[in-house]
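# Structural characterization, general
Now for the letters of each chain:
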Amino acid sequence: MKGNRYISIRRLVFICMVVVPALPFAITLMIGHYYFSTSLENGAISAIERIVSDHGRIIDTFLAERKSDLDFIILSTSLEELKQPEHLQRVFNLLKQESSAFIDLGVFDASGLHLAYQGPYALTGINYQEADWFQEVMAKGTYVSDVFLGVRQVPHFVIAVMREESGSKWVLRATIDTELFSELVESVRIGETGDVYLLNSEGSYQTVSHGAVDLMQKDPGGAAFPDTGGGVSTFIKTDPSGRTYLYAVTSLSEKNWQLVTRLDKAVAFSSFQAAAHRIIFTAVVGGLFIILAALGLTRYILGRIMQLDNEKDTLGQQLIRASRLAELGEMSAGFAHEVNNPLQIMKSELGLIQILWNDIPKDNLPAPPQDISQIEECLDQLQLQVDRCGKITKGILQFARYSSPNPQDIDLCNFIPQVKAMVAKRANVHGIALAQKISGPTLPVHSDPGQLQQVLLNLLNNAMDATLERHGIEGGCVEIEAGASSNGVITLSVRDNGIGITEDDKKKIFSPFFTTKPVGKGTGLGLSVCYGIMEGMGGRMDFSSRHGVGSVFSIHLPAGGQKGPPDAAPEKKH
Amino acid sequence: MSNIQMLIVDDEERFLLTTQKILSRKGFDVMIAHSGQGAIDMLKENAVQVVVLDVKMPGMDGLATLREIKRLYPFMEVIMLTGHATVPSAVEGMQSGASDYLMKPIDMDLLVEKVEEAVARRRAAEKKSIWPQPD
């Protein structure tokens with residue numbers, strides 16, 4: 001029953017101890033995690049946005065510069081001049097100085113015929129009438145193509161400008177090195193896993209990015225990203241291979257290409273992950289700490305509860321013992337009174353018999369003299385036994401506190417040696433060492449000297465009996481100890497190294513008529529009388545004992561000197 | 001000098017008879033009463049010097065009887081006999097004018113001694129009071 005109660009208390013306390021601190025702790029961590037991760041995410045996104053938009057401008061600038069390079073040539077030079085291979089070569093060399101990205105340079109007439117070419121391929125004379133780029137440039141005047149294979153069957157893209165000179169149109173076209181261009185695009189790369197590339201309007205790669213994407217292949221992500229309208233759009237998307245990326249996309253203004261930056265989400269938010277790890281670590285360590293603290297505290301609290309329960313039980317048992325003793329006292333007092341009356345009659349009868357018997361002349365009785373002496377012996381014995389009964393009833397009545405104490409201040413420093421002297425002879429005869437240990441020059445108590453003497457003598461005699469039982473007439477040791485204990489209480493103890501008290505006997509030790517001595521040797525009233533006396537004097541009596549080791553009987557008395565406790569000896573007045 | 005007249009009051013018949021016999025043999029004039037009321041009646045009819053009074057009796061108890069006796073005969077010597085719980089009442093009795101008390105079971109010799117002491121006291125008191133008191 002009790003065990004179950006403790007278990008449920010333990011569970012309740014433990015759960016409260018864990019939940020109460022853990023809840024706010026967890027909420028704090030979660031709120032912190034939310035705001036921290038949001039701000040980190042925003043930070044990472046805005047950083048990538050800024051980089052993409054800056055870089056988009058750089059690429060735009062590059063394309064615009066290359067266009068204006070060609071514009072400058074076409075405006076400053078006539079078709080006739082450029083048709084000269086030497087002149088074209090000189091112009092191309094100047095162009096190469098402007099930007100190393102130029103691979104070749106070619107001149108076309110209005111019909112698409114390649115009039116002159118400066119570059120690594122042999123393209124002169126080929127007609128580009130049907131080529132997309134040629135049709136576009138003829139229509140728009142300036143054109144930047146997507147990456148295509150063309151006649152040379154190598155991925156490249158071209159920038160072409162058209163000029164109308166004295167009624168006839170001609171076209172100047174330059175090819176851009178895709179590798180150099182890719183490098184330019186890639187220079188924006190963020191982190192180890194970041195990819196940067198250009199996509200055309202159909203979603204095909206226009207640059208390579210560290211081999212992560214293939215030139216002119218369709219982006220596996222599907223079609224091109226929606227038009228960003230000049231700004232930067234960021235989003236998180238999982239590609240078909242199952243990897244999640246943070247994308248930042250911006251549209252170029254010089255060409256309908258999109259600059260795409262994609263960053264592995266784990267890398268993009270790596271600092272966030274580190275923070276998350278730390279938060280998890282904190283949560284685990286904090287949680288463990290809370291649990292450990294709760295365990296410790298629960299154990300402590302439960303220990304205290306159990307201790308208090310034990311104390312309560314002990315107190316309850318003492319209370320039960322006290323009330324049982326009080327009941328026994330009342331009962332035996334009534335019994336003693338009832339026995340006293342017949343005893344009184346017996347005593348009177350005996351007295352009368354004695355008187356009558358004394359009056360009878362013994363000389364010439366018709367009985368042998370041994371019978372007469374037998375009768376006399378019987379009479380004496382009767383007298384003796386009636387007196388013994390009287391002593392028992394008197395003892396009971398004392399136990400039942402029916403004699404009123406007359407308390408006064410006694411100095412134990414004088415009192416104890418006096419009482420000790422009374423038993424000194426007996427101790428000496430039986431080889432018992434009798435010691436005393438009194439602390440302080442004076443130890444005043446408020447008590448009835450006669451009753452206190454009775455109690456102390458009783459305890460000393462009991463102690464000596466106990467040592468005799470264990471040691472015989474050698475090795476017994478009895479010590480009287482006295483000292484002030486706490487707030488106005490003086491404790492007097494009698495310690496012996498005697499036989500001790502068994503656990504069973506401890507419960508009955510103060511009960512009247514309980515004795516371990518042989519029949520006729522002890523009435524079993526000594527300790528119960530002492531107990532009654534102590535109660536009557538406003539004191540207390542207790543003991544501790546181990547069977548086979550020894551016992552200590554202590555009495556606690558109100559200190560004297562100043563004012564005694566108010567209820568120690570109430571005056572009987574009506 | 002005439003015998004001492006004494007009255008023993010107790011509810012135990014046999015105690016009264018035996019004690020009467022013993023004390024008579026010791027030279028007392030012993031009267032007996034079984035109750036407080038009986039004792040008062042007896043005192044009205046007989047001259048008595050000492051009363052031995054049990055505290056615990058049915059009807060009018062020892063203390064009430066004592067007060068009544070003391071009211072009627074202020075010089076009466078009263079010795080209380082007590083059982084057990086009556087020690088405090090014996091003390092109260094002493095305060096109400098009893099001259100002594102004995103704890104049961106009593107010794108006859110001790111009773112005789114106490115009665116003689118009481119008589120001596122009474123005689124001394126009477127001697128003193130006769131002279132200063134004209135009435």
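Residues numbered from 1 in each chain as written. Chains lettered and ligands numbered in written order. Predicted model: local features only at pLDDT ≥ 70, side-chain atom pairs only at ≥ 80, totals over all residues. Heavy atoms only, no water.

### Describing the overall build of chain B
Let me state the cut-off plainly: Numbering of helices and strands starts at the N terminus; helices are DSSP runs of H or I of at least 4 residues and strands are runs of E of at least 2. When a residue's accessible area, from a 1.4 Å probe over protein chains only, is under 20% of the maximum for its type it is buried; when over 50% it is exposed; and in between it is partly exposed. Contacts: residue pairs with any heavy atoms within 4.5 Å of one another. Under the convention used here, a 1.4 Å probe and the Shrake-Rupley method define accessible areas, while residue burial counts only the protein chains that appear.
Across its full length, chain B carries five helices and five strands. Mapped in sequence order, the helices and strands of chain B form the string β-α-β-α-β-α-β-α-β-α. Buried residues in chain B amount to 50% of all 135 residues. Here the contacts in chain B between residues at least 6 apart in sequence split such that 60% fall between residues at least 24 apart. With the model as given, the accessible surface of chain B reaches about 6400 Å², and the carbon-plus-sulfur share is 53%.

### Brief notes about the overall build of chain A
Per the secondary structure count, chain A includes 12 helices and 16 strands. The burial tally for chain A puts 40% of its 574 residues in the buried class. Across chain A, every contact between residues at least 6 apart in sequence was considered, and the portion connecting residues at least 24 apart equals 61%. Surface accessibility of chain A: about 30500 Å² in total, with carbon and sulfur atoms responsible for 57%.

### A word on the interface of chain B and chain A
Selection criterion: For any pair of parts, buried area is found by adding up, for both, the accessible area (1.4 Å probe) each one loses once the two are put together. Criterion for a salt bridge: a side-chain nitrogen of Lys or Arg within 4 Å of a carboxyl oxygen of Asp or Glu. The term polar contact refers here to a pair of N or O atoms within 3.5 Å; inside protein, the definition further demands a hydrogen-donor-capable atom paired with an acceptor-capable atom, and it admits residues adjacent in sequence only when both atoms are side-chain atoms. Classification used: nonpolar for Ala, Val, Leu, Ile, Met, Phe, Trp, Tyr, Cys and Pro, charged for Asp, Glu, Lys and Arg, polar for all others including Gly.
Counting residues at the interface gives 22 residues for chain B, matched by 22 residues for chain A. Between chain B and chain A, the buried area comes to about 2100 Å², and carbon and sulfur atoms account for 65% of it. Counting across the interface, chain B meets chain A through three salt bridges. In this structure, the salt-bridge partner of Lys 347 of chain A is Asp 107 of chain B, at a minimum N-O distance of 3.6 Å. Here chain B and chain A share six residue pairs in polar contact (both at pLDDT 80 or more) between them. For the side of chain B that touches chain A, the element with the most residues is helix α1 (residues 13-25) of chain B, which contributes seven residues. Taken together, the residues that form the side of chain B that touches chain A break down as nine nonpolar, four polar and nine charged.

### Describing the sheet that holds strand β11 (residues 432-438) of chain A
Across a sheet, strands are paired by hydrogen bonds formed along the backbone, either parallel or antiparallel in direction. All names here are of chain A. Rule in force here: If DSSP finds at least two bridges between two strands, the strands pair. Fitted lines through C-alpha atoms give the axes, limited to the stretch in contact for helices. The angle between two N-to-C directions lies from 0 to 180 degrees.
The five strands are arranged β11-β13-β14-β16-β15 in an open sheet whose pairing can be described as mixed. In the strand order of this sheet, the two ends are held by β11 and β15 (540-546), each with one partner. Taking the axes of each pair of neighbouring strands and ignoring which way they run, one obtains an average angle of 15° across the sheet. Relative to strand β14 (residues 489-496), strand β13 (residues 476-484) is paired through seven bridges, and the arrangement is antiparallel.

### Some details on the environment of Arg 10 of chain A
Within the secondary structure layout, Arg 10 of chain A lies in helix α1 (residues 2-76). Taking the C-alpha atoms as reference points, Arg 10 of chain A and Ile 301 of chain A, 291 residues apart in sequence, are found 8.6 Å from one another.

### Comments concerning the packing of helix α9 (residues 412-429) of chain A against helix α10 (residues 449-471) of chain A
Residues and elements named next belong to chain A. Spelled out, the test is: By definition in this entry, angles of less than 35 degrees are roughly parallel, angles greater than 145 are roughly antiparallel, angles of 65 to 115 are roughly perpendicular, and the rest are oblique. Left-handed is the label given to a crossing in which the near helix is rotated counterclockwise from the far helix by less than a right angle, and right-handed is the label when the rotation is clockwise.
At a minimum axis distance of 10 Å, the contact between α9 and α10 shows a crossing angle of 40°. In terms of their interaxial angle, α9 and α10 are classed as oblique. When you trace α9 past α10, the crossing you get is right-handed. Of α10, the residues touching α9 (which contributes Leu 412, Phe 415, Ile 416, Val 419, Met 422, Val 423, Arg 426 and Ala 427) are Pro 449, Leu 452, Gln 453, Leu 456, Leu 457, Leu 460, Asn 461, Met 464, Asp 465 and Leu 468.

### What to know about helix α5 (residues 178-186) of chain A
All names here are of chain A. The cut-off we apply is this: Here the arc refers to the directions that run from the helix axis out to each C-beta atom.
Every buried residue of α5 is listed here: Thr 178, Phe 181, Ser 182, Val 185 and Glu 186. Down the axis of α5, the sector holding all buried residues measures 135°, keeping them to one side. Its side-chain oxygen 2.8 Å from the backbone nitrogen of Glu 179, Asp 177 forms the N-cap of α5.

### Topic: the pairing of strand β2 (residues 28-33) of chain B
Residues and elements named next belong to chain B. Put simply, the rule reads: Viewed with both strands pointing away, a crossover whose connecting path from the first strand over the helix to the second turns clockwise is right-handed.
When you tally the buried positions in β2, you get five out of six residues, the bulk of the element. As defined by bridge partners, strand β1 (residues 4-9) adjoins β2 across six bridges and the pair is classed as parallel. Of the residues in β2, the one forming a bridge with Met 6 is Val 30. At this point the chain moves from β1, through α1, to the parallel β2, and the crossover so formed is right-handed.

### Things to note about the packing of aromatic side chains
Residues and elements named next belong to chain A. Operational definition: Stacked, tilted and edge-to-face are the three classes applied to pairs of Phe, Tyr and Trp rings, where Trp contributes its six-membered ring and a pair requires centres within 6.5 Å; stacked means planes under 30 degrees apart, edge-to-face means over 60, and tilted covers the rest.
Taken as a whole and assessed by the stated rule, the structure comprises 15 aromatic pairs over all chains. Relative to Trp 257, the ring of Phe 157 has its centre 5.2 Å away and its plane inclined at 80°; by these criteria the two rings are edge-to-face. Of this pair, Phe 157 sits in strand β4 (residues 157-165) while Trp 257 sits in the loop between β8 (244-251) and β9 (258-264), and the two are 100 residues apart along the sequence. Owing to a relative accessible area of 0%, Phe 157 belongs among the buried residues under this scheme. You can call Trp 257 buried: its relative accessible area is 0%. Relative to Tyr 531, the ring of Phe 510 lies with its centre 4.8 Å away and its plane at 40°, an arrangement referred to as tilted.

### What to know about the sheet that holds strand β1 (residues 102-109) of chain A
All names here are of chain A. Ordered by their spatial adjacency, five strands build an open sheet running β2-β1-β5-β4-β3, and the pairing between neighbours is antiparallel. Lying at the two open borders of the sheet, with one neighbouring strand each, are β2 (114-118) and β3 (142-144). Across the sheet, the mean angle separating the axes of adjacent strands is 15° when strand polarity is ignored. By the bridge criterion, three bridges tie β3 to β4 in an arrangement that is antiparallel. For Thr 142, the partnering residue across the bridge sits in β4 and is Val 161.

### Some thoughts on the confidence of the model for chain B
Residue and element names in this part refer to chain B. Note the threshold: The predictor's confidence in any single residue is recorded as pLDDT, a number from 0 to 100.
Looking at chain B, pLDDT values average 84 and 87% of them are 70 or higher. The secondary structure element of chain B with the lowest average pLDDT is helix α4 (residues 87-95), at 72, and the one with the highest is β2, at 93. Per the prediction output, this complex has pTM 0.46; the corresponding ipTM is 0.81.

### A word on the packing of α10 of chain A against helix α12 (residues 526-536) of chain A
Residue and element names in this part refer to chain A. Two elements in contact, α10 and α12, have axes whose closest approach is 10 Å; the angle formed by their N-to-C orientations is 145°. For the element pair α10 and α12, the recorded crossing hand is left-handed. Contacts between α10 and α12 involve Gln 451, Gln 454, Val 455, Asn 458, Leu 459 and Asn 462 on the former and, on the latter, Gly 526, Leu 527, Val 529, Cys 530, Ile 533 and Met 534. Of the residues that constitute the contact of α10 with α12, the class distribution is seven nonpolar, five polar and no charged.

### Looking at the nonpolar core
To keep it simple, the criterion reads: Buried residues of nine kinds, namely Ala, Val, Leu, Ile, Met, Phe, Trp, Tyr and Cys, make up a nonpolar core once their side-chain atoms join them within 4.5 Å.
If you look at the biggest cluster of nonpolar residues, it comprises 47 residues, and the most contacted ones within it are Leu 412, Leu 452, Met 541 and Ile 555 of chain A. Counting 45 residues, the second largest nonpolar core, distinct from the first, contains Phe 62, Leu 63, Leu 95 and Ala 248 of chain A.

### Observations regarding the pairing of β4 of chain A
All names here are of chain A. Counting buried residues in β4 gives seven out of nine residues, a clear majority hidden from the surface. Where β4 and strand β5 (residues 168-176) come together, nine bridges link them in antiparallel fashion. By the bridge assignment for β5, Val 161 is matched with Leu 172. Following β4, the chain reverses through two residues before pairing antiparallel with β5; Ser 166 in that reversal takes a positive phi of roughly 40°.

### A look at the environment of Gly 500 of chain A
Residue and element names in this part refer to chain A. Counting through the fold element by element, Gly 500 comes out in the loop between β14 and α11 (503-508). Residue classification places Gly 500 among the buried residues on the basis of a relative accessible area of 14%. As for Gly 500 and Arg 546, which are separated by 46 residues in sequence, their C-alpha atoms are 5.3 Å apart. Those residues in contact with Gly 500 that lie beyond four places of it in its chain are Ser 545, Arg 546, His 547, Gly 548, Gly 550 and Ser 551.

### With respect to unusual backbone geometry
Following Lys 104 of chain B, the chain continues to Pro 105 of chain B via a peptide bond in cis, the omega torsion being -5°. The topology assignment puts Pro 105 of chain B in the loop between β5 (100-103) and α5 (108-130). Of note in this structure, Gln 153 of chain A is not a glycine but carries a positive phi near 60°. Structurally, Gln 153 of chain A can be placed in the loop between β3 and β4.

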